[in-house]
Amino acid sequence: MGSKMASFTTIIPFKEKPHFLPRKFLSYALFAILSVALFRILCLHLSSPIAESPAEHEQFTQNSPILFTSSIGSFSAIPKVVDGVKFNGSSSCDYSNGKWVPDKSGPLYNGTSCGTIKDGQNCMSHGRPDLGYLFWRWEPRQCRLPRFDPRAFLHLMRNKNLAFVGDSMARNQLESLLCMLGSLSLPTLVYSDGEAEDSKFRRWHFASHNVNVSVYWSPFLVKGFEKTGSGEQKHNKLFMDTVDEKWASDLGLMDMVVLSIGHWYLHPAVYMEGDLVLGCHYCPTLNHTEIEFYGVYGKAFRTALQAIIQRKGSPNGNGVDVLVTTFSPHHFEGEWDKAGACPKTNPYNESEKMLDAMDEQMRKAQVAELEEARRSNSNARGRVRIAAIDVTKLASLRPDGHPGPYMHPFPLSNGVVQDRVQNDCVHWCLPGPIDTWNEIMLDIIKGWHLAQSSSSRGGGE
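Below, the structure is looked at part by part. (Residues numbered from 1 in each chain as written. Predicted model: local features only at pLDDT ≥ 70, side-chain atom pairs only at ≥ 80, totals over all residues. Heavy atoms only, no water.)

Examining the nonpolar core
Counting residues in each nonpolar core, the largest one holds 49 residues, and the members touching the most others are F153, L162, L323 and M441. Grouped together as the second largest cluster of nonpolar side chains are 44 residues, L221, M254, Y271 and F293 included. (Core = buried A, V, L, I, M, F, W, Y, C linked by side-chain atoms within 4.5 Å. Buried < 20%, exposed > 50% of the residue type's maximum accessible area, 1.4 Å probe, protein only.)

Re helix 6 (residues 357-376)
With 20 residues, helix 6 should cover 28 Å at 1.5 Å per step; its first-to-last C-alpha distance of 28 Å lies within 8% of that length. Buried within helix 6 we find D359, E360, M362, R363, A365, Q366, V367, E369, L370 and A373. Contact partners of the buried residues in helix 6: helix 5 (293-312), strand 14 (320-325), strand 15 (384-389) and helix 7 (392-396). (Helix = DSSP H or I, 4+ residues; strand = E, 2+ residues; numbered from the N terminus. Expected span 1.5 Å × (residues − 1). Contact = heavy atoms within 4.5 Å.)

Details of the packing of helix 5 against helix 6
A packed helix pair is summarised by two numbers, namely the angle formed by the two axes and the spacing between the axes. Between helix 5 and helix 6, the least distance of the axes is 9 Å, while the angle of their chain directions is 30°. As far as their axial angle goes, helix 6 and helix 5 are roughly parallel. Once helix 5 is placed against helix 6, the crossing between them reads as right-handed. Taking contact as the criterion, the partners of F293, Y294, Y297, G298, F301, R302, L305 and I309 in helix 5 are, on helix 6, M358, Q361, M362, A365, Q366, E369, L370 and A373. Its residues assigned to classes, the contact of helix 5 with helix 6 shows 11 nonpolar, three polar and two charged. (Axes fitted to C-alpha atoms, helices over the stretch in contact; angles between N-to-C directions. Parallel < 35°, antiparallel > 145°, perpendicular 65-115°, else oblique. Left-handed = near helix turned anticlockwise from the far one by under 90°. Nonpolar A, V, L, I, M, F, W, Y, C, P; charged D, E, K, R; others polar.)

Here we look at the packing of aromatic side chains
If you walk through the whole model with that rule in mind, you get 11 aromatic pairs. Measuring from centroid to centroid gives 5.9 Å for F220 and Y265, while their planes differ by 85°, and the two rings are edge-to-face. Remark: Y265 occurs in the loop between strand 11 (256-260) and strand 12 (269-273) and F220 occurs in the loop between strand 8 (211-217) and strand 9 (222-225); sequence separation between them is 45 residues. Each member of the pair F220 and Y265 is classed as buried. (Phe/Tyr/Trp six-rings, centres within 6.5 Å; stacked < 30°, edge-to-face > 60°.)

Regarding the state of the cysteines
Applying the stated rule across the entire model yields five disulfides. Here C114 is linked by a disulfide to C179, with a sulfur-sulfur distance of 2.0 Å. On the sign convention where negative is left-handed, the bridge of C114 and C179, at about -80° about the S-S bond, is left-handed. Pair noted here: C114 is in the loop between strand 3 (98-102) and strand 4 (136-140) and C179 is in helix 3 (residues 168-182), with a separation of 65 residues, a long-range link. As far as the burial class goes, C114 and C179 line up, both buried. Each sulfur in the disulfide pair C342 and C425 lies 2.1 Å from the other. (Disulfide = S-S within 2.5 Å.)

A few points about the sheet that holds strand 6 (residues 188-192)
The strands making up a sheet are joined through hydrogen bonds of the backbone, oriented either antiparallel or parallel. Strand order in the open sheet formed by seven strands is 6-7-8-5-11-14-15, and the pairing between neighbours is mixed. Every interior strand has two partners, whereas the edge strands, strand 6 and strand 15, have only one. Within this sheet the neighbouring strands show an average axis-to-axis angle of 20°, counted without direction. Together, strand 11, strand 14 and strand 15 form the strand contacts of helix 5, whose direction differs from that of strand 14 by roughly 170°. (Pairing = 2+ DSSP bridges.)

Structural notes on the pattern of salt bridges
Under the counting rule described, the total for this entry stands at 15 salt bridges. Among the salt bridges present, the one from R137 reaches E139, with a minimum N-O distance of 3.6 Å. As a salt-bridge pair, R141 and E350 come within 2.8 Å of each other at their nearest N and O atoms. Placement of the pair is R141 in the loop between strand 4 and helix 2 (150-156) and E350 in the loop between strand 14 and helix 6, with a sequence separation of 209 residues. R141 sits in the partly exposed class, given a relative accessible area of 30%. Sharing partners across several salt bridges, the network here consists of R141, E350 and K393. (Salt bridge = Lys/Arg side-chain N within 4 Å of Asp/Glu carboxyl O.)

In short, geometric facts, not functional conclusions.
Next comes the structure, spelled out in structure tokens:
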């Protein structure tokens with residue numbers, strides 16, 4: 001990404017001087033090598049991949065896959081060592097197509113070892129009795145998703161600035177990343193716009209690798225005015241053609257941006273373009289046309305991506321990598337203030353859970369804008385790389401991963417079930433399933449780096 005990209009050198013760990021051997025020995029050795037090679041060719045020719053049964057395909061695969069997400073996707077083939085960090089060779093992968101499988105290894109951190117967990121997501125410290133939700137990993141069908149490697153992540157992001165932009169789901173993913181990286185190198189909070197953990201803008205610094213990780217509160221990505229708790233403004237007011245400068249004004253400082261929004265678009269809102277009212281969502285007291293929020297949700301990504309490409313992808317721009325985390329479904333099963341609002345303690349099997357229509361449409365709106373951004377802005381390729389952290393399906397299969405009543409400390413103490421207790425069936429426990437979002441992100445970053453390293457060498461090793 002322009003001059004900000006750190007230089008990388010491929011290390012060849014074993015490089016020996018030539019040896020001189022007798023000709024007769026060399027003849028025997030050559031014959032043996034040719035025999036083994038012929039045998040392998042015959043075996044490869046005769047073998048065939050095991051076909052996947054139609055029953056194993058879930059209806060979700062009918063949705064348009066984000067192919068560009070993982071054009072350099074998974075890393076399970078030829079090992080490589082780059083600046084002392086071991087990577088693997090790349091192959092294409094659709095991360096969204098897979099299943100949750102048991103994993104005895106568990107998370108990299110816990111509720112006490114990480115000091116940056118938001119209180120409402122610290123399920124372990126709040127007394128959640130079951131811990132089975134911690135021992136699952138996502139297994140894509142087409143590839144192997146490696147366990148998160150904090151050393152590799154910090155190495156690849158050395159001397160760079162990473163920004164999470166969006167709503168509380170962006171913050172949830174950010175705090176997961178801080179905990180995972182903190183298992184190797186502790187971050188220092190270097191900026192906050194307030195003392196509370198809910199401060200809107202914060203930045204952490206990893207001195208070991210000179211990496212900055214920031215969070216920007218922007219629940220719409222575009223310019224907007226949030227409804228007020230006092231009732232003076234009952235609707236969010238969004239300007240769909242104007243990017244939110246609270247984060248966009250700092251684009252010049254960013255090397256990588258993660259965009260993650262969604263649930264705020266389900267709230268009542270009025271949508272504007274300049275002075276023109278496009279319509280509204282759930283505004284019976286206003287004389288505006290009711291319109292679906294899927295279209296304006298996609299338009300928010302269009303406005304944000306266009307702003308990024310215009311500012312960072314121009315010939316004078318310093319480039320940026322953009323990752324969009326797709327919509328993460330909630331799992332409320334009843335009233336939000338009942339103890340059993342999201343009571344599941346195990347993942348769904350694919351046969352148990354179909355993707356809800358709303359969740360599918362939210363994801364599709366994002367996918368369409370990402371694909372359009374790549375098609376219409378080809379002149380920025382190389383300076384602006386765009387990918388999706390496609391988690392909608394895998395998140396929909398994890399009803400067990402939310403805080404539920406354990407957003408509060410020991411809400412069901414002494415075995416007494418309270419009549420009314422607030423539940424969180426939207427955000428994710430830390431540690432929890434959302435750690436997988438960052439495993440996918442690291443795998444994508446590895447792919448970008450390997451592609452760039454290969455290109456700088458003329459496409460070869």
